[in-house]
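Summary of structural features
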Amino acid sequence: MHSSSAVPFPRKRCGVLGCTGSVGQRFALLLEAHPYFSLHVVGASHSSCGKTYGDAVKWKQSTPLAAASAELVVKECIPEEFFDCDLVFSGLDDSVAGGIETSFVSAGIPVFSNAKNHRQDPLVPLVVPTANLSHLGLIPAQRAKLKATSIPKSSRNGDGNSDIVDTGMLVCNSNCSVVGVAVPFAALEHAFGKGCIASASITTLQAISGGGYPGVPSMDIMDNIVPFISGEEAKISSEARKILGSISYDETGLASIQEAAVKISATCTRVPVLDGHTAVVSVRFAQRPLPTIEALKEALEGFKPEAQTLGCPSAPKRAIVVMREHDRPQPRLDRGIEGGYAVSVGRLREDESGVWDAMFLFSGQQERRY
Ligand SMILES: NC(=O)C1=CN([C@@H]2O[C@H](COP(=O)(O)OP(=O)(O)OC[C@H]3O[C@@H](n4cnc5c(N)ncnc54)[C@H](OP(=O)(O)O)[C@@H]3O)[C@@H](O)[C@H]2O)C=CC1
Ligand SMILES: N[C@@H](CC(=O)OP(=O)(O)O)C(=O)O
């Protein structure tokens, strides 16, 4: 737990959209334990509205919901119910997340989303906190466009959009499987130069929890592997290219992202693991001579992302843990390292076929946190 005496400003009042879902439940727990935030308003669908959070939710976490949170009354996911909040986190179902999140941003409320809907918008930062925090530099450009194009019906300060430029914004986090790839690739680029990885072949072994609750039917996943996850493979390459992209600023100081050129082919599979995704990754480097395997290990182990140097309370001490044992990482043993915020890397070796330069095993908790 964090000590409240260290809080340098009043806690930010947070809302959670989609509070009853798997992601919403994790948001509630993370906010309860965070030194800078408090859980203030919760929202979900009409079938949950008006009930207390405790009654509306099918709680599936091993840590219980705090009594004060359980007493919050679930609200409709409209900005007017959240004007008291400094910001909201969205764990909304993707069938509704797009429109609801846009309405919050237009009303001047900052939104941090887990949903996929806006990830490929060129003005929305797609952020993995231990890989590309600098992409938050897109926000002024996003606000400039918002100011130029939106005419909100209402905003937290009343009519008009004069305050939106200062308050509304949208930040997305990535697909869960991409995290385990983006963080080690960012570390290698930090050590060996932007664009050092030319191409990669990735096979994921994704946990059941990634599909939410109740998710994959037990009759499909027990004693089995499902070799396809709808829509997932395209997201691995497109999201990795955006996250690893470079940010640059024009003469007016507004930013844009130039996507990375890395070519990625992905095969996504679902395996009977409860929590923690794994990926088998082969890479080809853009330049010769190749870094040695030992140099790769040092680059991964030595990586100090900006989230650590800024002193973010949730930042892991080690963003990447390099495992030297032949049989690690394993999701059941390693998903809790650094509170689940680290990516574990193991089985790092040269590829004897010569088709690829090196092979890795990446494993990480599937949550994307702020
Ligand atoms: N599960 C995971 O690990 C991950 C999930 N995601 C993404 O995060 C999002 C949430 O996933 P997950 O928690 O698994 O999903 P769930 O289906 O468990 O939860 C969906 C949430 O959205 C709410 N909701 C549904 N329809 C509406 C509506 N019309 N208006 C307001 N609220 C609504 C539900 O409320 P109610 O209970 O009242 O119906 C519920 O709170 C999805 O976009 C998913 O793709 C991303 C990464 C990982
Ligand atoms: N699709 C992932 C979960 C996820 O990250 O989904 P999305 O890209 O919609 O956030 C899984 O099933 O394991």
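Residues numbered from 1 in each chain as written. Chains lettered and ligands numbered in written order. Predicted model: local features only at pLDDT ≥ 70, side-chain atom pairs only at ≥ 80, totals over all residues. Heavy atoms only, no water.

1. Side note on the site of ligand 2
- Around ligand 2 sit 12 residues, and of these R119, C176, E232, K235 and R270 come closest.
- In the environment of ligand 2, an oxygen atom lies 2.8 Å from a nitrogen or oxygen atom belonging to the side chain of N175.
- Interatomic distance of 2.9 Å between a side-chain N/O atom of Q206 and an oxygen atom of ligand 2.
- Considering ligand 2 on its own, with 340 Å² of exposed area, one finds that the protein chains cover 86% of that surface.
- A breakdown of the residues in the shell around ligand 2 according to their chemical character gives one nonpolar, six polar and five charged. (Near = heavy atom within 4 Å. Polar contact = N/O pair within 3.5 Å; in protein donor to acceptor, adjacent residues only side chain to side chain. Areas by Shrake-Rupley, 256 points an atom, 1.4 Å probe, with all protein chains shown as cover. Nonpolar A, V, L, I, M, F, W, Y, C, P; charged D, E, K, R; others polar.)

2. Let's talk about the UniProt feature "active site" (unreviewed entry) in the chain
- Sites flagged by UniProt as "active site" (unreviewed entry) map to C176 and H277. Taken together, the annotated residues stretch across 102 residues yet fold into one region, lying no more than 7.9 Å apart by C-alpha. Checked against the lining of the largest cavity, the annotated residues reduce to C176 and H277.
- Mapped onto the secondary structure, C176 falls in helix α6 (residues 176-192).
- Examined against the element boundaries, H277 turns out to sit in strand β11 (residues 277-285).
- Within the structure, the side chain of H277 is placed 2.8 Å from the backbone nitrogen of A207, a separation counted as a polar contact. (UniProt positions renumbered as here; feature names shortened; annotations may be inferred. 1 Å grid on protein atoms, 1.4 Å probe; cavity = no way out; pocket = protein on both sides within 12 Å on 5 of 7 lines; lining within 4 Å. Helix = DSSP H or I, 4+ residues; strand = E, 2+ residues; numbered from the N terminus.)

3. Brief notes about empty space enclosed by the protein
- Taken as a whole and judged by the stated rule, the model has one cavity of 30 Å³ or more.
- Roughly 80 Å³ of volume is contained in the largest cavity.
- With four residues, α6 is the single largest residue contributor to the lining of the largest cavity.
- Residue composition of the lining of the largest cavity, by class: five nonpolar, eight polar and no charged. (Points joined across faces, edges and corners; volume = space filled by probe spheres on them.)

4. Quick look at the environment of W356
- By the element assignment, W356 lies in the loop between β13 (343-350) and β14 (358-364).
- Overall, the relative accessible area of 22% leaves W356 in the partly exposed class.
- As for W356 and S199, which are separated by 157 residues in sequence, their C-alpha atoms are 8.9 Å apart.
- In this view, W356 contacts S199, A200, S201, S282, V283, R284 and D351; residues no more than four positions away in its chain are not counted. (Buried < 20%, exposed > 50% of the residue type's maximum accessible area, 1.4 Å probe, protein only. Contact = heavy atoms within 4.5 Å.)

5. A few points about unusual backbone geometry
- Cis geometry marks the peptide bond from Y213 to P214, where omega comes out at 0°.
- By secondary structure assignment, the location of P214 is in the loop between β7 (197-206) and α7 (218-221).
- Residue P289 is reached from R288 by a cis peptide bond, and omega for that bond is 0°.
- Along the chain, the position of P289 falls in the loop between β11 and α9 (293-301).
- Phi at D223 takes a positive value of approximately 60°, unusual for a residue other than glycine.
- D223 gets classed as exposed once you look at its relative accessible area, which sits at 79%.
- For R347, which is not glycine, the phi dihedral falls at a positive 50°.
- Structurally, the position occupied by R347 is in strand β13.

6. Thoughts on the sheet that holds strand β5 (residues 110-113)
- What the six strands build is an open sheet, ordered β3-β2-β1-β4-β5-β6; its pairing is parallel. Edge positions in the sheet fall to β3 (75-76) and β6 (169-172), since each has one partner strand and no second.
- Relative to β5, helix α4 (residues 94-106) is tilted by about 150°, and along the sheet it contacts β1 (12-17), β4 (87-90), β5 and β6. (Pairing = 2+ DSSP bridges. Axes fitted to C-alpha atoms, helices over the stretch in contact; angles between N-to-C directions.)

7. Thoughts on the UniProt feature "domain: Semialdehyde dehydrogenase NAD-binding" (unreviewed entry) in the chain
- In this structure's numbering, the residues bearing the UniProt feature "domain: Semialdehyde dehydrogenase NAD-binding" (unreviewed entry) are residues 13-139.
- Taken end to end, residues 13-139 is 26% helix and 18% strand, and its first and last C-alpha atoms sit 21 Å apart.

8. Let's talk about the sheet that holds β14
- Across the sheet, six strands lie side by side as β10-β7-β11-β14-β13-β12; this open sheet has mixed pairing. On the outer flanks of this sheet lie β10 (263-270) and β12 (320-322), each paired with one strand and no other. Here the strands of the sheet are splayed against their neighbours by 20° on average, with no regard to which way each runs.
- For β7 and β10, the ladder comprises eight bridges, and the chain directions are parallel. Within β10, the residue paired with Q206 across the bridge is R270.
- Those strands touched by α6 are β7, β11, β12, β13 and β14, and its axis lies near 145° from that of β7.

9. Remarks on α9
- Here α9 has its buried residues at I293, L296, K297, A299 and L300. Around the axis of α9, the buried residues are gathered within 160° of arc, so they sit on the same side.
- Among the structural elements, α6, β11, β12, β13 and β14 are those in contact with the buried residues of α9. (Arc of directions from axis to C-beta.)

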